[in-house]
Amino acid sequence: MEGKTVILAIESSCDDTSAAVIIDGELMSNVIASQKVHEEYGGVVPELASRAHQQNIVPVVDTALRRAGVDSNQLSAIAFTRGPGLLGSLLVGTSFAKGLALAKNIPLVEVNHLQGHVMAHFVHPSEQYVSQTPSLQGVDIKHPHFPFMCLLVSGGNSQLVRVEDYNKMTIVGQTIDDAAGEAFDKCAKVLGLPYPGGPWIDRLAKQGNPDKYPLAKPHIQGYDYSFSGLKTSFLYTLRDMMRERGVLTIDELASQVPQLKEDMCASLQTTIIDTLLSKLKKATRDMHLTRIAVAGGVSANSALRQAMIDLGKKQQWEVFIPPFSFTTDNAAMIAQAGYYKYLAGDFCPIDAAPYAKTRL
Ligand code: KG4
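The structure presented is a predicted model; accordingly, all values stated were derived computationally and were not measured.

## Side note on the side chain of Ser154
Logical step 1: In this structure, Ser154 sits in the loop between β6 (148-153) and β7 (158-165).
Logical step 2: Aside from chain neighbours lying at most four places away, what touches Ser154 is His117, Ala179, Ala180, Gly181, Glu182, Gly296, Gly297 and Val298.

Structure follows, in structure tokens:
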């Protein structure tokens, strides 16, 4: 490893504990421990998430180092997610990163979680990593040129980010209330679907009619988003149907209304995608950009991916969609962001505290 830049990255912002190793910008390992404990509550329970991170962090880091064939004495730096996210979760990753950096006397690099999601577009998996990852085999990963507009959509975030360079990006619009993923998950919960509901809605929507139940679309100025009204509209549509039929549960309603869940899912999904893409289109046009990208867990949505491709074709814009495994929370994207910051000599002090709220 003499002369090579070896970075260990740690991500613990929500309910996934992840560690990755990159050597000279090439991804060698990316280990993710997801927390099943939240499923029965229908959402992430912050206290349980912190406890699970405590249990997972040592084995996850150990596995990432072993898979990469790296000894902790060979590390050049440690990158970690400093925020935004759940504070208790972030504290576990931050404290671990600080402890290891102090013990090995190497620099610490802080990474903003949102910047990390955007950097998923620049992850460069090594041959070794691809050979161990069937989902990446034969996949041509395209890295966007700068500048581009990135739609960042996850369980906790919905932003439009103008990306000028690896270390230079600006939020041009963002949700003023709920994130898109939250709207998917909460509406899924109302329908009695398991957590997280986004992938379930994606699946059911394929068999539904998107025009069956018109739902409220937000009218927000500029490039910002809002999804709380849509959630209410979804809830009230079901409530009114239940009242009309004199039933008390969603399952009773579903037994009387054919295709209820499929049509509600399709109507919700199409409204969320129309909302997301109308602002993306407006911002990209107004700023005279010709490249659009999507990042974050919701970018796994098959209809959103297709809608991005269609929009790109229509507007003659280049479209960038990262491989599925780098869209949800993972440390590979944090490692990539950390690598560029390391090259720029952008280190962080040992007393850096995590932060919960969005900033870039
Ligand atoms: O980026 P991410 O893994 O983490 C957090 O924000 O914590 O995103 C998770 C979100 C969840 O809301 C989940 O329901 C959503 O991504 N998601 C999807 C799909 N797959 C994951 N939403 C819609 N369609 C999908 N196929």
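Having put the structure on the table, let's press on.
## Considering the domain arrangement of the protein chain
Logical step 1: Entries for the protein chain in the domain assignment read domain 1 (6-141 + 326-343) and domain 2 (148-322).
Logical step 2: Once you take the C-alpha centre of each, domain 1 and domain 2 turn out to be 27 Å apart.
Logical step 3: Every contact between the two is made by 19 residues of domain 1 and, on the other side, 24 residues of domain 2.
Logical step 4: Taken together, the two surfaces of domain 1 and domain 2 that pack against each other cover about 1,700 Å², and 72% of this comes from carbon and sulfur.
Logical step 5: Joining domain 1 to domain 2, the criterion identifies zero salt bridges.
Logical step 6: Put simply, domain 1 and domain 2 have three residue pairs in polar contact (both at pLDDT 80 or more) between them.
Logical step 7: Of the residues forming the side of domain 1 that touches domain 2, the biggest block, six residues, is contributed by helix α3 (residues 113-119).
Logical step 8: Looking at the side of domain 1 that touches domain 2 residue by residue, the class counts come to eight nonpolar, eight polar and three charged.

## A word on the sheet that holds strand β1 (residues 6-11)
Logical step 1: If you walk across this open sheet you meet the five strands as β3-β2-β1-β4-β5, and the pairing is mixed. Both edges of this open sheet fall to β3 (26-34) and β5 (108-112), since each of them pairs with a single strand only. Taking each pair of neighbouring strands and ignoring which way they run, the sheet shows an average axis angle of 20°.
Logical step 2: Bridging between strand β4 (residues 77-83) and β5 involves five bridges; their strand directions are parallel. Across the sheet, Ile78 pairs through a bridge with Leu108, a residue of β5.
Logical step 3: Its contacts with the sheet put helix α1 (residues 46-68) on β1, β2 (16-23) and β3, and the angle it makes with β2 is roughly 25°.
Logical step 4: Here helix α2 (residues 87-104) sits on the sheet in contact with β1, β4 and β5, set at roughly 155° to β4.

## Points about the site of the ligand
Logical step 1: With respect to spatial proximity, 18 residues lie near the ligand, and among them Gly155, Asp185, Asp202, Gly297 and Asn301 are the closest.
Logical step 2: At a separation of 3.2 Å, an oxygen atom of the ligand approaches a polar side-chain atom of Ser154.
Logical step 3: Within the backbone of Gly198, one N or O atom sits 3.2 Å away from an oxygen atom of the ligand.
Logical step 4: Within the complex, the protein chains bury 89% of what would otherwise be the 550 Å² of accessible surface of the ligand.
Logical step 5: Most atoms of the ligand, that is more than half of them, are within 2 Å of grid points of the largest pocket.
Logical step 6: Looking at the shell around the ligand residue by residue, the class counts come to six nonpolar, nine polar and three charged.
Logical step 7: Both of domain 1 (6-141 + 326-343) and domain 2 (148-322) provide at least three residues apiece to the shell around the ligand.

## A look at the packing of α1 against α2
Logical step 1: In the contact formed by α1 and α2, the axes pass within 8 Å of each other and the chain directions differ by 30°. The angle between α1 and α2 falls in the class roughly parallel. When you trace α1 past α2, the crossing you get is right-handed. Of the residues in α2, those in contact with Ala49, Ser50, His53, Gln54, Ile57, Val58 and Val61 of α1 are Gly88, Ser89, Val92, Gly93 and Phe96.
Logical step 2: Partitioned by chemical class, the residues of the contact of α1 with α2 number six nonpolar, six polar and no charged.

## Regarding the packing of aromatic side chains
Logical step 1: Under the criterion given, the structure shown has nine aromatic pairs.
Logical step 2: Measuring from centroid to centroid gives 5.1 Å for Phe122 and Tyr166, while their planes differ by 85°, and the two rings are edge-to-face. Residue Phe122 is found in the loop between α3 and α4 (127-131), and its partner Tyr166 is found in the loop between β7 and β8 (168-174); the two are separated by 44 residues along the sequence.
Logical step 3: Residue class for Phe122 comes out buried when judged on its relative accessible area of 5%.
Logical step 4: Given the relative accessible area of 28%, Tyr166 is considered partly exposed.
Logical step 5: Seen from their ring centres, Tyr342 and Phe347 are 5.6 Å apart, and the 50° between their planes marks the pair as tilted.

## Observations regarding the layout of surface pockets
Logical step 1: One number sums up the size of the largest pocket: a volume of about 1,500 Å³.
Logical step 2: As for the largest pocket, its lining consists of 45 residues, of which Cys14, Asp15, Gly155, Asp185 and Tyr195 are closest to the centre.
Logical step 3: Broken down by secondary-structure element, the contributors of at least two residues to the lining of the largest pocket are β3, α3, α5 (180-190) and α6 (198-205).
Logical step 4: Here the lining of the largest pocket takes six residues from α5, the largest share from any one element.
Logical step 5: Both domains that meet at the lining of the largest pocket, namely domain 1 (6-141 + 326-343) and domain 2 (148-322), each give it at least three residues.

## As for the environment of Ala300
Logical step 1: With respect to the helices and strands, Ala300 occurs in the loop between β9 (291-295) and α10 (302-315).
Logical step 2: Considering only alpha carbons, one finds Ala300 and Ser89, 211 residues apart in sequence, at a separation of 24 Å.
Logical step 3: Non-local contacts of Ala300, meaning those with residues more than four positions away in its chain, are made with Asp202, Arg305, Phe324 and Thr327.

## Quick word on the sheet that holds β9
Sheet strands associate in pairs through backbone hydrogen bonding, adopting either a parallel or an antiparallel arrangement.
Logical step 1: Taken in spatial order, the five strands line up as β8-β7-β6-β9-β10 in an open sheet, and their pairing is mixed. The sheet terminates laterally at β8 and β10 (318-320), the two strands that pair on one side only. If you compare each strand with its neighbour and ignore which way they point, the axes differ by 25° on average.
Logical step 2: Taken together, the six bridges between β7 and β8 define a ladder with antiparallel strand orientation. From the neighbouring strand, Asp165 faces β8, where its bridge partner is Lys168.
Logical step 3: Across the sheet, α10 touches β6, β9 and β10, and the angle it forms with β9 is around 175°.

The rules behind these values
Residues numbered from 1 in each chain as written. Predicted model: local features only at pLDDT ≥ 70, side-chain atom pairs only at ≥ 80, totals over all residues. Heavy atoms only, no water. Helix = DSSP H or I, 4+ residues; strand = E, 2+ residues; numbered from the N terminus. Contact = heavy atoms within 4.5 Å. Domains from an automatic or database assignment. Buried area = accessible area lost by both parts, 1.4 Å probe. Salt bridge = Lys/Arg side-chain N within 4 Å of Asp/Glu carboxyl O. Polar contact = N/O pair within 3.5 Å; in protein donor to acceptor, adjacent residues only side chain to side chain. Nonpolar A, V, L, I, M, F, W, Y, C, P; charged D, E, K, R; others polar. Pairing = 2+ DSSP bridges. Axes fitted to C-alpha atoms, helices over the stretch in contact; angles between N-to-C directions. Near = heavy atom within 4 Å. Areas by Shrake-Rupley, 256 points an atom, 1.4 Å probe, with all protein chains shown as cover. 1 Å grid on protein atoms, 1.4 Å probe; cavity = no way out; pocket = protein on both sides within 12 Å on 5 of 7 lines; lining within 4 Å. Sits in = over half its atoms within 2 Å of the grid points. Parallel < 35°, antiparallel > 145°, perpendicular 65-115°, else oblique. Left-handed = near helix turned anticlockwise from the far one by under 90°. Phe/Tyr/Trp six-rings, centres within 6.5 Å; stacked < 30°, edge-to-face > 60°. Buried < 20%, exposed > 50% of the residue type's maximum accessible area, 1.4 Å probe, protein only. Points joined across faces, edges and corners; volume = space filled by probe spheres on them.

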